[in-house]
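For reference, the chains in residue letters:
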Amino acid sequence: MGQEREPDIGSVLEVEIGLDGLTARARWKPGTRPEERAGWNSADVESFLVKSGIHFGVAEEGLTRLLNVRADDEAGWVEVARGIPPEPGQPGRIEWLTQDSKAEGAQGEPQDPSGANRVDLRDRGGIPSVSPGTPLVRVVPPIPGKNGMSVRGVSIPAPTPGAITVVLGPGAQWNEDHTTVLSRVAGHPVYNPRRRWIDVQPMYRVQGDVDYGVGHVSFEGSLHIGGSVQPGFRVKASGDVVIDGAVDGGIVESGGDVKVGAGIYGGTRGSVRAGGSVQAKFIQQGRVSAELDVVAQRSILHSETSAGRDIQVLSPAGTIAGGTCTAVHRIRAAVLGSPMAVPTTVAVGLPQTVRDRWRSVQEELRRMDGQRSKLRLAIQVLEKRLQVRQDPGAVGMIQKLQRDLVELDERIQESRLELQMIAEDMRQFQDAAVSAHKVYPGVKIIIGNAMYTVIQEMDRVRFTLDGGEIRVSPEG
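Residues numbered from 1 in each chain as written. Predicted model: local features only at pLDDT ≥ 70, side-chain atom pairs only at ≥ 80, totals over all residues. Heavy atoms only, no water.

S.K.: Any chance you could break down the overall build of the protein for me, citing the residues and the numbers?
M.R.: Along the backbone of the protein there are five helices and 34 strands. Classification of the 476 residues of the protein by burial places 40% in the buried group. When the accessible surface of the protein is split by element, carbon and sulfur atoms take 50% of a total near 25,900 Å². (Helix = DSSP H or I, 4+ residues; strand = E, 2+ residues; numbered from the N terminus. Buried < 20%, exposed > 50% of the residue type's maximum accessible area, 1.4 Å probe, protein only. Areas by Shrake-Rupley, 256 points an atom, 1.4 Å probe, with all protein chains shown as cover.)

S.K.: Tell me about the environment of Ile379, and please be specific about residues and values.
M.R.: Mapped onto the elements, Ile379 comes out in helix 4 (residues 352-388). The spatial distance from the C-alpha of Ile379 to the C-alpha of Val395 is 9.9 Å, given a sequence separation of 16 residues. Discounting chain neighbours no more than four positions away, the residues touching Ile379 are Ile398, Leu401, Gln402 and Leu405. (Contact = heavy atoms within 4.5 Å.)

S.K.: Help me get a handle on the pattern of salt bridges, residues and values and all.
M.R.: For the structure shown, the criterion picks out 16 salt bridges. Here the salt bridges do not stand alone but share partners, grouping Arg93, Glu95 and Arg138 into one network. (Salt bridge = Lys/Arg side-chain N within 4 Å of Asp/Glu carboxyl O.)

S.K.: Give a description of unusual backbone geometry that names residues and reports values.
M.R.: Even without a glycine there, the phi angle at Gln285 is positive, about 50°. Relative to the helices and strands, Gln285 resides in the loop between strand 23 (278-284) and strand 24 (287-290). The residue Ala341 is not glycine, and still its phi comes out positive at about 60°. On the secondary structure map, Ala341 appears in the loop between strand 28 (330-336) and strand 29 (344-348). Given a relative accessible area of 36%, Ala341 falls into the partly exposed group.

S.K.: I'd like a description of the sheet that holds strand 2 (residues 23-28), backed by residues and values.
M.R.: Strand-to-strand pairing in sheets goes through backbone hydrogen bonds, with the strands running parallel or antiparallel. Taken in spatial order, the three strands make up an open sheet running 1-2-3, and their pairing is antiparallel. The open sheet is flanked by strand 1 (13-17) and strand 3 (78-82), the only strands paired with a single partner. Here the strands of the sheet are splayed against their neighbours by 25° on average, with no regard to which way each runs. Where strand 2 and strand 3 come together, four bridges link them in antiparallel fashion. Note that in strand 3 the partner of Ala26 across the bridge is Val78. (Pairing = 2+ DSSP bridges. Axes fitted to C-alpha atoms, helices over the stretch in contact; angles between N-to-C directions.)

In structure tokens, the structure reads:
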């Protein structure tokens, strides 16, 4: 009579489910004799697993290993089922769409854009800058993960990835769908990763001098230079430029105002050009131009200075001497020229470019008038030749010269019209004036197209235009 087997495999087999619900293992109970393990098959084990609450991930390989435990093996756990762990998603992130800058100071290594061996050691690359409306960063939303499944057949939810939050400074703004940060102003994009703070700063500060340690500086926005602009170095900004030190032979270009704490010394190549006004303690051997005003505290010496409105030297002893000063409305200084009769030209009424154009058009008219006389004379000579004998070549030449004469007359008419327009501009600046407490010989006063040469020292005078001539009157 054969051996009876236990009616339930659970009497010799035990199952354990992991705390995370992702694994299940089984073993023969300690003390189970080999003959008590015999006779069970995979279906028996799997059925018992189901009764034990395991409904997912049963591994056939694990069942086989469990059933093939040798008689001399010590009782040990065998993994018989494995669930699917949840797949985490990707958290939200920000993606820079333009080069960001997180540090002040030097612009980088010397650049060699041409690929040649020679490198301008003053060129260290530009400051990262943006214009209004430039996309700065894109905020990428989180990507959800995938749910897992426990061995009990219960879904395990994937952790929810965190969304990214950013804080915008006053120089940044969201686009319409709140997915992209745009620049609100022209300036320097900055990012604080700890605070996730994004901003565009309209003013960029350079510590110290603009020299070989910093290189040329170019910025879409305003600049604050903590030192001076050294010889041969360029500073360019679309906004204002504030320089605590001096412009010492450097080149400064600004779309706004230029304010120089010390003086402007041009040397051989230095210059300052502003879309607004220029202010400095003094200007010496400089080339300075401003769309609005040029204001010096002490002096303008041996310089080429032009302004779209006024030029002023504010000090009670403020001097303009040497070089040329040109302004549209007024020029004011305590002293014009010097006791040594240094040649000094002071011009008001119209920008120098307009006066230059006036002279250029006049010269062009004289040239075209002479050319017209020559064309008419050539036509007359050919017409007399035709009166003597028939000459087909002369007929063709006359026709060509007549066409040239018509074209020349049209150009003459256009130039005369341009002169009329310039003359109208000149009449609009009849109130232009030059005033000074003292004027020395050697000074030339130009108002519009009139000129006055000072031949003797003058005190407290004002120069204006009256009836096409310069009038000298007491300073009011």
